[in-house]
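Here is what each chain is made of, one letter per residue.
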4 protein chains.
Amino acid sequence: MIKAGIIGSTGYAGQELMRLLMQHPECQPQVITSKTYKNNKYENVYGNFMNITSLECIEDEIDKLANDTDVLFIALPHGIASNKISESILSKTKVIDLGADFRIKDVSTYEDWYSVAHGNPNLLKNSVYGLCELNRDKIKRSNLIGNPGCYTTCSILSLTPLLKENIIDISSIIVDAKSGVSGAGRSLNLGTHYTECNESIKAYKIASHRHTPEIEQELSNVANSKVTISFTPHLVPMNRGILITAYANLNGKYTYNNIKEIYNKYYRDEQFIRLLPEGIYPETRWVKGSNYCDINFAIDKRTGRIIIIGAIDNLIKGAAGQAVQNMNIMFGFEESTGLNMIPGFPM
Amino acid sequence: MIKAGIIGSTGYAGQELMRLLMQHPECQPQVITSKTYKNNKYENVYGNFMNITSLECIEDEIDKLANDTDVLFIALPHGIASNKISESILSKTKVIDLGADFRIKDVSTYEDWYSVAHGNPNLLKNSVYGLCELNRDKIKRSNLIGNPGCYTTCSILSLTPLLKENIIDISSIIVDAKSGVSGAGRSLNLGTHYTECNESIKAYKIASHRHTPEIEQELSNVANSKVTISFTPHLVPMNRGILITAYANLNGKYTYNNIKEIYNKYYRDEQFIRLLPEGIYPETRWVKGSNYCDINFAIDKRTGRIIIIGAIDNLIKGAAGQAVQNMNIMFGFEESTGLNMIPGFPM
Amino acid sequence: MIKAGIIGSTGYAGQELMRLLMQHPECQPQVITSKTYKNNKYENVYGNFMNITSLECIEDEIDKLANDTDVLFIALPHGIASNKISESILSKTKVIDLGADFRIKDVSTYEDWYSVAHGNPNLLKNSVYGLCELNRDKIKRSNLIGNPGCYTTCSILSLTPLLKENIIDISSIIVDAKSGVSGAGRSLNLGTHYTECNESIKAYKIASHRHTPEIEQELSNVANSKVTISFTPHLVPMNRGILITAYANLNGKYTYNNIKEIYNKYYRDEQFIRLLPEGIYPETRWVKGSNYCDINFAIDKRTGRIIIIGAIDNLIKGAAGQAVQNMNIMFGFEESTGLNMIPGFPM
Amino acid sequence: MIKAGIIGSTGYAGQELMRLLMQHPECQPQVITSKTYKNNKYENVYGNFMNITSLECIEDEIDKLANDTDVLFIALPHGIASNKISESILSKTKVIDLGADFRIKDVSTYEDWYSVAHGNPNLLKNSVYGLCELNRDKIKRSNLIGNPGCYTTCSILSLTPLLKENIIDISSIIVDAKSGVSGAGRSLNLGTHYTECNESIKAYKIASHRHTPEIEQELSNVANSKVTISFTPHLVPMNRGILITAYANLNGKYTYNNIKEIYNKYYRDEQFIRLLPEGIYPETRWVKGSNYCDINFAIDKRTGRIIIIGAIDNLIKGAAGQAVQNMNIMFGFEESTGLNMIPGFPM
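Source: prediction; values computed, not measured.

Caption draft 1: Region of interest: the interface of chain B and chain D. Facing 21 residues of chain B, the contacting portion of chain D comprises 21 residues. Between the two partners, chain B and chain D, sit two salt bridges. Notably, a salt bridge pairs Glu 196 of chain B with Arg 186 of chain D, separated by 2.7 Å at the nearest N-O pair. Where chain B touches chain D, the interface holds 16 residue pairs in polar contact (both at pLDDT 80 or more). Classifying every residue of the side of chain B that touches chain D by side-chain character gives nine nonpolar, nine polar and three charged.

Written as structure tokens, this is what we have:
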């Protein structure tokens, strides 16, 4: 039984991590921190934990936390983790950062998009981008993981096989993404006040969302060529779920089956990727509460495009679930340990 | 590993049962039936099961099912189970009926409220009302369980201690109940068409809902006196959850703590009942996805009333979860086996 | 064309007032104030007004406002209006206060429930409780209206005929009320953050909600006897609407038609009260976007109770619509002027 | 006062038409038909009309209807209207068809996409595509209008100025569209059962939705060149509203202001099109309950694309409101008569 700490346990990602870890057979959350809810019992912050845990939120003292744990999950806004983590910390505990600080390899790209100086660029060469299905081997050997963003996970997994096999025009990629409101976190904001976002849909951060460079970095790696995409996120009136609808021009004529073989080649053995049968497309309801990423695509013959649909639960495969999957890989547990939840319906 | 069958596996209760049983360490769903989806793969009926099960829905032949299983769950509309089940069936398998046929002990009451003849009144003397917390010992020795309704479970658990200790006027009980839409099932109906019930609330079956006599039967047993209640269900635009707000006149002057002691007396050791701290009331979000029943109350000094609030997940503690809890008791498993889900939030 | 001012124009009630007044043929909103959005164009505060109004929010200077308008609507939190309004102000303009300060006639009751000193108790003897259907004549002659609360309007209208005719036990009244989230206003609050209240229902302020004494005051007037009630509000995941489910013991045996006659007696000629046909109960969807109050009831023969259901749009008949109705009465306009909207569906 | 008939008055578009026409100062709905609800009072079909209309649904006899009305609105599934309407009917009354039969000018395109024979291709040369802002003059002179689809209206209005001025690559247009559930109508369907579509988003009819050829036809007219697009509709868990996010490659370098001038050129004087200020994008909540189409765009410099966002209320500007706007044009009424509703919020 390994010991885990969660820094920033009272945001939605932190809370989902708490829920998953408390049900994990090989790991126990030992210490949890919160700035806002310091010295509060966790069950008073999240009523679902009533009678389930007696843990209390403490202030975070990173050195002590590093000493007391085998793994530290960090679920804080960007710009903080990179100032907390150091070689010394990493010599004592493994770190899985759910924020952006260790995702972007290029410091200037990070600083451009996030408008903040990176706290410790030296660590970037050792950190691994924790998209489990793509970087499993590196993750296994790493002690510092940049856990991918929610939009990012869904977009990269949906597009990777096409880029690996070079069958789409990499200058033509558009990702139109839709997210449930939990993606915006628990901080109060007029835009996520119930009556302001219920019964409405909007696009936001058009051509400027911070997950864009992250998607481009990974797709460029996969394509061995610089990929630039258009990425438009939308806020959908539902608690959870991300759906991405991606568009790209095909480099030639392909049948559905041709391309399905490509997806099979890369994902056939992935337990958390489900390639749906022809004509059945991902819907967020079918992955809710699980670590699955559902994928399918259609060929739009009239325009020569492929349209790819992907769906995940943003708080699980898009955050806490993938963090646990990374932990499983890092510690040599069976990769699906504690993650075998069947999606709940209707949830 | 025991073998289970689910008759009526494609309604929402059947589906939730399927989900819980597939994740149960001591039980495997072996055979599932469906009239509507006969010969369909289950994953095509419910996309959340994609790649998770290869089971196919078959037509139900009760004798064969009884031979092939250790326990049969029946999730059908009322009036069918009582015609399927016989002493002979019960000699081969245990039966947990999620419908109404074996809940009401008095045949004429059943027939009055359900407007259908009971198929096998003889079985009623051996059947047990499967409200686990109240009838645990009888359930252990039974092979035919009438699994309680959703409104019923929440109402009875919330009120029982007060009746046991005779501190309320039993002629004054009112239960104002609120349910999510999944309680209405998967059958198409204008009232549960999205645009007809979204963004609206209504009362329905006022003074005539069929869960009324079931609540009255059990409360009368508890009170050792005939209890008649007013019960008003409401349809709330959300997928899951039941909240009941119950009102009764107190027989004397009591403090919150006096009455809390009474609740503690009966529920202190119940792992699925959470008595919330003073001033914190149940909300359906805190039990969603779990087998918990949360309860608390307030004393309305100005009127001499007690107001009791209870909350459950209608498909779990109000249906499939309680059915599994009954199975655990009947087979001597640890009662919480397969039911330890922490409520999911925000779900 | 009369000139109106709205003090507190950027809360939800203020905004709805703005919308109704801009569409009113006899009145024009001339000046609007806002503390939070001072010096902002209204269309930037509420995007629905884009290109529709060029009005800007100003700081409120009550004397100037009184001079410049024929009627002032005040939509502020309690405790402010009573410090702003004076005889001098009332000599210049008529005032319709949507807050609580002029609703409760008994100062000590007001101060007990609101925990604030009343700013000008002298004005209370001249102010009129603006429930149009009950106090039409007094409203006509008044220049200071305490516009009723949302829960209150629906509760009082639903119960009044029963109390007028003395057919229920006035010590037995329970009002179980359900409200959409807009009732909580636009101020940020964790409880009305989308992901915190979506897909859940809860009771709140049990036995302590401030609309209780207001309902009791008016019902006591109607009954000519002190009425004390139990009142439980609930938060429902929808934007708009209030449904109340009220319970009372009947003083004798009555048929549905007996009691329907009583309702007809009082409401037959009311254009904003719709008495539904037997067996059809109010649902909030059918009044959304309108000034209607729908009412019906059932007799629960088994318990001797009457169960009354009422529904309104909380921002219209429960706030801005009723305020306009009061204005129409005060200025001698046809009472329904600017209020003839057919409810929108599905909205 | 002209007399209107509504054929198919009990679908959602028919109902919204009924609501708008009953509030229209120059037109009265005189006769309404319904196959499903024949001989039912309208207020019993739609509770919002309770006490508001005594009209009853009758069976449709097209000749009698034509004789008795000045204008006939048809809100039926495709394939029916073209069999009902003839030169003879059109000699007696004007027809505005909200279905697809008179929208597509090319019979074979219609028959390909709708898989049904067109009932009266001869009429197509006289029918006018009723997108008011584009075809106002032709509408004025016509007596047969094909009222545009909901997705279509929003897509065409959002894209037209770009095509008029030839600033985008017409082979690069992608429209990613999102609709509320009322777009699917009132017919029962598992996909629009509350618990099946609530809290989830999905794409549907990918590369095969029937509004595609309609958008292409009009954009081709505007561009004077054959336009082929990719169109992907999505179902969003909300009652009303359409948002479209469109992508196209710019033919050169343009600033926001360059392109804004183009939009201004075409839409400056349009009272139902609102061009939002830079950086503020359409959201469906700001048009709900109104006839507005809100439009804005961003330039994605990194990719050379323009991203255009448009929003409408699908039942108003996307159906009934535009039908009334067409009627106003045809009869010489002020174009906005009966359509000046300020969007309601929060609705």
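Alright, that's what it looks like, and here's the rest.
Caption draft 2: The domain arrangement of chain A, seen in detail. Residues and elements named next belong to chain A. In terms of domain boundaries, chain A breaks down into domain 1 (2-126) and domain 2 (151-312). The centre of domain 1, based on its C-alpha atoms, is set 27 Å off from the matching centre of domain 2. If you look at the interface, domain 1 gives 15 residues, while domain 2 gives 12 residues. Contact between domain 1 and domain 2 buries roughly 1200 Å² in total, counting both sides, with carbon and sulfur atoms accounting for 52%.

Caption draft 3: Local environment of the relation of the copies chain A and chain D. The operation relating chain A to chain D is a screw motion whose rotation component is 180 degrees, with 0.0 Å of axial translation and a residual RMSD of 0.0 Å. Classification of the inter-copy transformation places it as that of a two-fold axis. An overlap of 100% is found between the interface residues of chain A and their copies at the interface of chain D, pointing to a shared contact surface.

Caption draft 4: Highlighting helix H10 (residues 211-223) of chain C. All names here are of chain C. When the terminal C-alpha atoms of H10 are compared, their 18 Å separation across 13 residues agrees well with the 18 Å that a helix rising 1.5 Å per residue should span. The buried fraction of H10 amounts to 12 of the 13 residues, a majority that puts the element mostly inside the structure. Within the span of H10, buried status applies to His 211, Thr 212, Pro 213, Glu 214, Ile 215, Glu 216, Gln 217, Glu 218, Leu 219, Ser 220, Val 222 and Ala 223. Those residues of H10 that are buried lie in contact with helix H6 (107-114), strand E6 (128-129), helix H7 (132-140), helix H8 (150-164) and strand E10 (230-235). Following H10 by one or two positions, Asn 224 has its phi on the positive side, about 60 degrees.

Caption draft 5: Structural context of the packing of aromatic side chains. All told, the structure shown has 50 aromatic pairs over all chains when counted by the stated rule. Taking the centre distance of 4.7 Å and the plane angle of 45 degrees together, the rings of Trp 286 of chain A and Phe 345 of chain A count as tilted. Taken together, the residues span a long stretch of sequence, with Trp 286 of chain A in the loop between strand E12 (273-275) and strand E13 (293-300) and Phe 345 of chain A in the segment after helix H12 (316-331) at a distance of 59 residues. The residues Trp 286 of chain A and Phe 345 of chain A share a single accessibility class, namely buried. Between Tyr 110 of chain D and Tyr 114 of chain D, the aromatic rings sit 5.0 Å apart at their centres with planes inclined by 20 degrees, giving stacked as the arrangement. Taken together, the residues Tyr 110 of chain D and Tyr 114 of chain D, both in helix H6 (residues 107-114) and four residues apart, mark about one turn of the helix. The burial state of Tyr 110 of chain D is the same as that of Tyr 114 of chain D; both residues are buried. The structure contains a cluster of three or more aromatic residues connected by ring pairs, namely Tyr 12, Tyr 42, Tyr 46 and Phe 49 of chain A together with Trp 286 and Phe 345 of chain B. Against the face of Tyr 292 of chain D rests Arg 274 of chain D, its NZ or CZ located 4.2 Å from the ring centre.

Caption draft 6: Structural detail: the sheet that holds strand E5 (residues 94-97) of chain D. Residues and elements named next belong to chain D. If you walk across this open sheet you meet the seven strands as E3-E2-E1-E4-E5-E7-E6, and the pairing is parallel. Across the chains shown, the open sheet's two edge strands, defined by having one partner strand only, are strand E3 (57-58) and strand E6 (128-129). Pairing between strand E4 (residues 71-74) and E5: four bridges, direction parallel. Along E5, the bridge assignment pairs Val 71 with Lys 94. Most of the contacts of helix H12 (residues 316-331) go to E5, to which it runs at about 155 degrees, and overall it touches strand E1 (2-7), strand E2 (27-33), E4, E5 and strand E7 (144-146).

Caption draft 7: Expanded view of the packing of helix H8 (residues 150-164) of chain B against helix H10 (residues 211-223) of chain B. All names here are of chain B. Two elements in contact, H8 and H10, have axes whose closest approach is 9 Å; the angle formed by their N-to-C orientations is 25 degrees. In terms of orientation, H8 lies roughly parallel with respect to H10. With respect to the hand of their crossing, H8 and H10 are arranged in right-handed fashion. Residues Cys 150, Tyr 151, Thr 152, Ser 155, Ile 156, Leu 159, Thr 160, Leu 163 and Lys 164 of H8 lie in contact with H10, whose contacting residues are His 211, Glu 214, Ile 215, Glu 218, Leu 219, Val 222 and Ala 223. Tallied by class, the residues present in the contact of H8 with H10 amount to nine nonpolar, four polar and three charged.

Caption draft 8: View of the relation of the copies chain B and chain D. Placing chain B over chain D gives an RMSD of 0.0 Å and needs a rotation angle of 180 degrees, together with 0.0 Å of translation along the axis. The overlap is high: 100% of the interface residues of chain B also sit at the interface in chain D, so the same surface is used on both sides.

Caption draft 9: Focus on unusual backbone geometry. Cis peptide bonds are those with omega within 30 degrees of zero, and the linkage from Phe 345 of chain A to Pro 346 of chain A qualifies with -20 degrees. Positionally, Pro 346 of chain A belongs in the segment after H12. Backbone geometry at Asn 51 of chain C places phi at a positive 65 degrees, although glycine is not the residue there. Following the sequence through the fold, Asn 51 of chain C ends up in the loop between helix H2 (42-45) and strand E3 (57-58). Take Asn 51 of chain C: its relative accessible area is 52%, and that puts it in the exposed class.

Caption draft 10: View of the interface of chain A and chain D. Tallying the contact residues gives 48 residues for chain A and 48 residues for chain D. Approximately 4000 Å² of surface area, both sides summed, lies buried where chain A meets chain D, with 55% of it carried by carbon and sulfur atoms. Contact with chain D buries surface across chain A, with Glu 199, Ile 201 and Arg 302 of chain A losing the most and accounting together for 17% of the total. The interface formed by chain A and chain D holds eight salt bridges in total. Between Lys 288 of chain A and Glu 199 of chain D there is a salt bridge, with the nearest N and O atoms lying 3.6 Å from each other. On inspection of chain A and its partner chain D, the count reaches 32 residue pairs in polar contact (both at pLDDT 80 or more).

Caption draft 11: Structural detail: the pattern of salt bridges. On inspection of all chains with the given rule, the structure shows 88 salt bridges over all chains. One continuous salt-bridge network, built from bridges that share partners, spans Glu 16, Arg 19, Arg 240 and Asp 313 of chain A.

Caption draft 12: Just the side chain of Asp 300 of chain B, in detail. Along the chain, the position of Asp 300 of chain B falls in strand E13 (residues 293-300). Within the buried core, Asp 300 of chain B has no salt-bridge partner, and the shortest N-O distance to an opposite charge, that of Arg 302 of chain B, equals 4.4 Å. Here Ser 230 of chain C takes part through its side chain, which lies 2.7 Å from a polar atom of the side chain of Asp 300 of chain B.

Caption draft 13: Structural context of helix H11 (residues 256-267) of chain A. Residues and elements named next belong to chain A. Spanning 12 residues, H11 covers 16 Å between terminal C-alpha atoms, matching the ideal 16 Å at 1.5 Å per step. When H11 is considered as a whole, its buried residues turn out to be Tyr 256, Ile 259, Lys 260, Ile 262, Tyr 263 and Tyr 267. Down the axis of H11, the buried side of the element spans an arc of 155 degrees, and every buried residue falls inside it. Facing away from the buried side of H11 by more than 90 degrees, the exposed set consists of Glu 261 and Lys 265. Those residues of H11 hidden inside the fold are in contact with helix H8 (150-164), E12, E13 and strand E14 (305-312).

The rules behind these values
- Residues numbered from 1 in each chain as written.
- Chains lettered and ligands numbered in written order.
- Predicted model: local features only at pLDDT ≥ 70, side-chain atom pairs only at ≥ 80, totals over all residues.
- Heavy atoms only, no water.
- Contact = heavy atoms within 4.5 Å.
- Salt bridge = Lys/Arg side-chain N within 4 Å of Asp/Glu carboxyl O.
- Polar contact = N/O pair within 3.5 Å; in protein donor to acceptor, adjacent residues only side chain to side chain.
- Nonpolar A, V, L, I, M, F, W, Y, C, P; charged D, E, K, R; others polar.
- Domains from an automatic or database assignment.
- Buried area = accessible area lost by both parts, 1.4 Å probe.
- Least-squares fit on C-alpha atoms with pLDDT ≥ 70 in both.
- Helix = DSSP H or I, 4+ residues; strand = E, 2+ residues; numbered from the N terminus.
- Expected span 1.5 Å × (residues − 1).
- Buried < 20%, exposed > 50% of the residue type's maximum accessible area, 1.4 Å probe, protein only.
- Phe/Tyr/Trp six-rings, centres within 6.5 Å; stacked < 30°, edge-to-face > 60°.
- Lys NZ or Arg CZ within 6 Å of the ring centre and 35° of its normal.
- Pairing = 2+ DSSP bridges.
- Axes fitted to C-alpha atoms, helices over the stretch in contact; angles between N-to-C directions.
- Parallel < 35°, antiparallel > 145°, perpendicular 65-115°, else oblique.
- Left-handed = near helix turned anticlockwise from the far one by under 90°.
- Lys, Arg positive; Asp, Glu negative; His and termini not counted.
- Arc of directions from axis to C-beta.

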